[in-house]
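The primary structure of each chain is shown beneath.
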Amino acid sequence: MKNQSYQDDVDIAAASLERMLFSFAVLSPGDIECIRSWFHGPAMVHPPGGAVSLHPERKDARVVARGWIARGAMLEDGRRQIVGLSLPGDVILAADVVDADMAVWALTDASTLDASLLWAAISEGVDVSPRLLEAWRHFRSAERLRLARHVIRLGRLSAYERTAHLLLELYERQSRLGAAEPGVLHLPLTQDMLADILGLSAVHMNRTLQQLRRAGLVDYRTGRAVLPDLQGLALAAGLSIADDVADAPPRRD
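Residues numbered from 1 in each chain as written. Predicted model: local features only at pLDDT ≥ 70, side-chain atom pairs only at ≥ 80, totals over all residues. Heavy atoms only, no water.

(A) Structural view of the nonpolar core. L187, V218 and L233 are the most contacted members of the largest nonpolar core, which totals 35 residues. The set of elements that each furnish at least two residues to this core consists of β4 (80–86), α5 (159–176), β8 (184–187), α6 (191–198), α7 (202–214) and α8 (230–237). With 7 residues, α5 is the single largest residue contributor to this core. Among all residues touching L187, those that are not within four sequence positions of it are W68, L167, L170, L194, Y220, T222, G223, R224 and A225. Judged by nonpolar contacts, the second largest core, of 28 residues, contains V10, A13, M20 and L132. (Core = buried A, V, L, I, M, F, W, Y, C linked by side-chain atoms within 4.5 Å. Buried < 20%, exposed > 50% of the residue type's maximum accessible area, 1.4 Å probe, protein only. Helix = DSSP H or I, 4+ residues; strand = E, 2+ residues; numbered from the N terminus. Contact = heavy atoms within 4.5 Å.)

(B) Expanded view of the pairing of strand β3 (residues 69–74). With 5 of 6 residues buried, β3 is to be regarded as a mostly interior element. Note that β3 and β4 share 6 bridges and pair antiparallel. Each residue of the ladder has a partner; that of A73, found in β4, is Q81. Hairpin geometry of β3 and β4 is characterised by an intervening segment of 5 residues between the two adjacent antiparallel strands and by a positive phi of about 95° at G78. Bridge analysis of β3 against strand β6 (residues 102–106) gives 5 bridges, and the strand direction is antiparallel. Bridged to I69 within β6 is A106. (Pairing = 2+ DSSP bridges.)

(C) Looking closely at the sheet that holds β4. Read across the open sheet, the 3 strands follow the order β4-β3-β6; overall the sheet is antiparallel. The sheet is open, and its two edges are formed by β4 and β6, each paired on a single side. Pairwise comparison of adjacent strand axes, ignoring direction, gives a mean angle of 30° for this sheet. (Axes fitted to C-alpha atoms, helices over the stretch in contact; angles between N-to-C directions.)

(D) Here's a closer look at the packing of helix α1 (residues 6–22) against helix α4 (residues 130–156). Viewed as axis vectors pointing N to C, α1 and α4 meet at an angle of 90°, and their least axial separation amounts to 9 Å. Judged by the angle between their axes, α1 and α4 are roughly perpendicular. Residue-level inspection shows L17, M20 and L21 of α1 in contact with α4, the latter providing L132, A135, W136 and F139. Class assignment for the residues of the contact of α1 with α4 results in 7 nonpolar, no polar and no charged. (Parallel < 35°, antiparallel > 145°, perpendicular 65-115°, else oblique. Nonpolar A, V, L, I, M, F, W, Y, C, P; charged D, E, K, R; others polar.)

(E) Region of the structure containing the packing of aromatic side chains. Going through the model one piece at a time under the given rule, you end up with 2 aromatic pairs. When the centroid spacing of 6.1 Å and the interplanar angle of 45° are considered together, the rings of W119 and W136 count as tilted. Taken as a pair, W119 in helix α3 (residues 116–124) and W136 in helix α4 lie far apart in primary sequence, 17 residues in all. Three or more aromatic residues joined by ring pairs form one cluster here, namely W119, W136 and F139. (Phe/Tyr/Trp six-rings, centres within 6.5 Å; stacked < 30°, edge-to-face > 60°.)

(F) View of α6. Along α6, 6 of the 8 residues are buried, which leaves the element largely enclosed by surrounding structure. Regarding α6, the residues found buried are M193, L194, A195, D196, I197 and L198. Those residues of α6 hidden inside the fold are in contact with β4, α4, α5, β8, α7 and β9 (219–221). Within two residues after α6, G199 carries a phi angle of roughly 65°, on the positive side.

(G) Region of interest: the pattern of salt bridges. All chains considered together, the criterion is met by 10 salt bridges. Between R173 and D90 there is a salt bridge whose closest N-O contact spans 2.5 Å. Of the two residues, R173 sits in helix α5 while D90 sits in the loop between β4 and β5 (91–93), which places them 83 residues apart along the sequence. For D90, a relative accessible area of 4% translates into the label buried. Measuring nitrogen to oxygen at the nearest pair gives 2.2 Å for the salt bridge that ties E143 to R140. Highlighted residues: E143 and R140, both in helix α4, separated by 3 residues, approximately one helical turn. On the basis of relative accessible area, E143 is assigned to the buried category, the value being 18%. Here R140 falls in the buried class, since its relative accessible area comes to 17%. A network of salt bridges, in which partner residues are shared, links D11, E18 and R36. (Salt bridge = Lys/Arg side-chain N within 4 Å of Asp/Glu carboxyl O.)

Next up, the structure:
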């Protein structure tokens, strides 16, 4: 890992985090100034597959500025199970990876900033407005809900349903960031990565994406996925995530 243009990454990370929090509660200029002041230290660059180091004893926290980062388990035989994805603006906490079987690594070229001051300030409620605390509480609740949904995906949904559900969830997250074009999902993940998220073999993953394409629901290519029928995709997912897509905030340029 090496240093990168710090101010550029601060601006990108702060803008993403502000948009995400703003989707839960309207923040004041003072709240936004606080968020930016809590980032410190040099940005760190993580190449694809590179570990993102977090130390629970120091209560480390890092905010994603660029790229996609995974949290999950790496088995001795080389198999992986991804249990969570962190996108730009997401805050990764050391408390999430205390278990020795869990790891955090970059799926794409990524960079992160030290957000330990942000995490400490919000945890202790020091000089933090009630509105910012409310937005942060909803932000963290959404993360816990995603984990619960992931358990349901892996435990009860078919490969077809779980793929549709994941794509809708990612689309909803990008809509909150103001980064999603209507019906287009930025998806810089390979089919192997998607398989590691969804607990499928690479062959099964490819077959499932082809089924969704033939149904007119997904046109997947590495880097993006076109979703021409969001309601149809929601029906294919078999869960109420359709409500989340409908309630996602409009894109703000």
